[in-house]
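So you can see what is in the structure, the chains are spelled out below.
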Amino acid sequence: MKALTGALAALVLCLGGCGDGKKADGKMVVGFSQIGSESGWRAAETKMTRQIADAKGVDLRISDAQQRQENQIKAIRGFIAQGVDAIFLAPVVSTGWDSVLGEARAAHIPVVLLDRSIETRDDGLYLSAVTSDTVYEGKVAGDWLVQHMAGKPCRVVEIQGTVGSSPATNRKKGFGQAIAAAPGITIVRSQSGDFTRAKAKEVMESFIKAEGAGNICAVYAHNDDMMIGAIQAMKEAGMKPGSQVLTISIDGVPDIFKAMMDGDANVTVELTPNMAGPAFDLLAAWRKDHKAPPKWVQTPSKLYTPETAAAEYAKRKDMY
Ligand code: AHR
């Protein structure tokens, strides 16, 4: 009797969708292995992915990895077991994906990378990647500083993103390329703030202690949230970010525009949180004709300054 009740319960649950991963209503099922919620940008990307999925009638199953690759690998295996139609993966770090993505390929489940790239010798492991050019983002940030300093020296402290992640590696590289043209601009300290406000605030406090408040000309942070943490640390130390100390960061979240409006920040390079829109589109096209989509769909990277901060803040405040 107990077994029968269990079987009946399973049958009822399966009407809602199980086994082959497809719901009784025929919706496309997409599993999304998301990194976590380390930044305002990340939370916006999750929110937007859900909104777009709802609008398109996609059954989106999100798994939050809490910044851990092993949780992402488990989630992908779970999605394969559910027989989802496709997997979106925002890879926390760039290496170590070949084996699990090989499993997805063996199960004929296409994988689309969102916002971060991976290092692999077999790019057939994923259908496409929707990301910005993260080296270019760093270059845009560095070029602004080079132009702004106009030949004057500048001691920069850098707060990096998550160690081993593609944006941390590449944003460092691009910024380095840009400042190579200006011998007076040097990175005097560089440490990871793991893309979070709290960690970056601690890192900035240690930089101030080590360098002395008066010896820091600019802060380059690999995302806006870390810059907000650094701004807090500078203000608590009696420094004046945005005027005495230049700030350069990446993402374009509402809080950085607010900081610009308050005179506490100088520039940001925008990263759109809408990675899912192009990903769903290319997936839909691929499901129709199985023609390979572009391997890389590049999203724009535009520099923003305080002149347009109020307008940008108003545009974004409800998106995030
Ligand atoms: O991969 C994109 C980066 O990840 C964003 O710049 C950052 O805010 C997030 O945590």
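The rules behind these values
Residues numbered from 1 in each chain as written. Predicted model: local features only at pLDDT ≥ 70, side-chain atom pairs only at ≥ 80, totals over all residues. Heavy atoms only, no water. Salt bridge = Lys/Arg side-chain N within 4 Å of Asp/Glu carboxyl O. Core = buried A, V, L, I, M, F, W, Y, C linked by side-chain atoms within 4.5 Å. Buried < 20%, exposed > 50% of the residue type's maximum accessible area, 1.4 Å probe, protein only. Helix = DSSP H or I, 4+ residues; strand = E, 2+ residues; numbered from the N terminus. Contact = heavy atoms within 4.5 Å. Near = heavy atom within 4 Å. Polar contact = N/O pair within 3.5 Å; in protein donor to acceptor, adjacent residues only side chain to side chain. Areas by Shrake-Rupley, 256 points an atom, 1.4 Å probe, with all protein chains shown as cover. Nonpolar A, V, L, I, M, F, W, Y, C, P; charged D, E, K, R; others polar. Axes fitted to C-alpha atoms, helices over the stretch in contact; angles between N-to-C directions. Parallel < 35°, antiparallel > 145°, perpendicular 65-115°, else oblique. Left-handed = near helix turned anticlockwise from the far one by under 90°. Expected span 1.5 Å × (residues − 1). Disulfide = S-S within 2.5 Å.

**A word on the pattern of salt bridges**
Under the definition given, this model contains 26 salt bridges. By sharing partners, the salt bridges in this structure join Glu38, Arg42, Glu45, Asp115 and Arg116 into a single network.

**Quick notes on the nonpolar core**
Counting residues in hydrophobic clusters, the biggest one holds 28 residues, and the most contacted among them are Val30, Phe88, Val112, Leu114, Val130, Phe280 and Leu283. Secondary-structure elements contributing two or more residues to this core are β1 (29-34), α2 (40-56), β3 (86-89), β4 (111-114) and α10 (276-289). When residues of this core are assigned to their parent elements, the largest contribution, six residues, is made by α10. Once you skip the residues sitting within four places of it in the chain, Val112 turns out to touch Ile87, Phe88, Leu89, Leu127, Ser128, Val130, Ala279, Leu282 and Leu283. Membership of the second largest hydrophobic core comes to 27 residues, among which are Val203, Ala230, Val245 and Ile256.

**Examining the site of the ligand**
In the region of the ligand, the neighbouring residues are Glu38, Ser39, Trp41, Arg42, Asp115, Arg116, Pro167, Arg171, Phe195, Asn223, Asp251 and Leu271. Take Arg116: an N or O atom from its side chain is 2.8 Å from an oxygen atom of the ligand. The contact in question runs from an oxygen atom of the ligand to an N or O atom on the side chain of Arg171, over 2.9 Å. Burial of the ligand by the surrounding chains reaches 100%, relative to a free accessible area of 280 Å². Elements with a contribution of two residues or more to the shell around the ligand: α2 and α6 (166-179). Classifying every residue of the shell around the ligand by side-chain character gives four nonpolar, two polar and six charged.

**A word on the packing of helix α7 (residues 197-211) against helix α8 (residues 224-236)**
Here α7 crosses α8 at 45 degrees, and the two axes come no closer than 7 Å. Relative to α8, the element α7 lies oblique. Two packed elements cross with a definite hand, and for α7 against α8 that hand is right-handed. Judged by residue contacts, Arg197, Ala200, Lys201, Met204, Glu205 and Ile208 of α7 engage Asp225, Met226, Ile228, Gly229, Ala230, Gln232, Ala233, Met234 and Glu236 from α8. Partitioned by chemical class, the residues of the contact of α7 with α8 number eight nonpolar, two polar and five charged.

**Structural notes on α2**
Taking 1.5 Å of rise per residue, 17 residues should cover 24 Å, and α2 covers 24 Å from first to last C-alpha, within 8% of that figure. Those residues of α2 not exposed but buried are Trp41, Arg42, Ala44, Glu45, Thr46, Met48, Thr49, Ile52 and Ala53. Looking one or two places after α2, you find Gly57, whose phi comes out positive at around 70 degrees.

**Digging into the packing of helix α5 (residues 134-149) against α6**
Between α5 and α6, the least distance of the axes is 6 Å, while the angle of their chain directions is 35 degrees. As α5 packs across α6, the resulting crossing turns out to be right-handed. Residue-level contacts link Thr134, Val135, Glu137, Gly138, Lys139, Ala141, Gly142, Asp143, Leu145 and Val146 of α5 to Ser166, Pro167, Asn170, Arg171, Lys173, Gly174, Phe175, Gln177, Ala178 and Ile179 of α6.

**Observations concerning the state of the cysteines**
Two cysteines whose sulfur atoms are joined by a covalent bond form what is called a disulfide. Evaluation of the coordinates by the stated rule reveals one disulfide. Paired by a disulfide, Cys154 and Cys217 hold their sulfur atoms 2.0 Å apart. Linking Cys154 and Cys217, the disulfide has an S-S dihedral of approximately -100 degrees and is accordingly described as left-handed. Taken as a pair, Cys154 in strand β6 (residues 154-160) and Cys217 in the loop between α7 and β8 (218-221) lie far apart in primary sequence, 63 residues in all. Among the residues examined, Cys154 registers a relative accessible area of 2% and is labelled buried.

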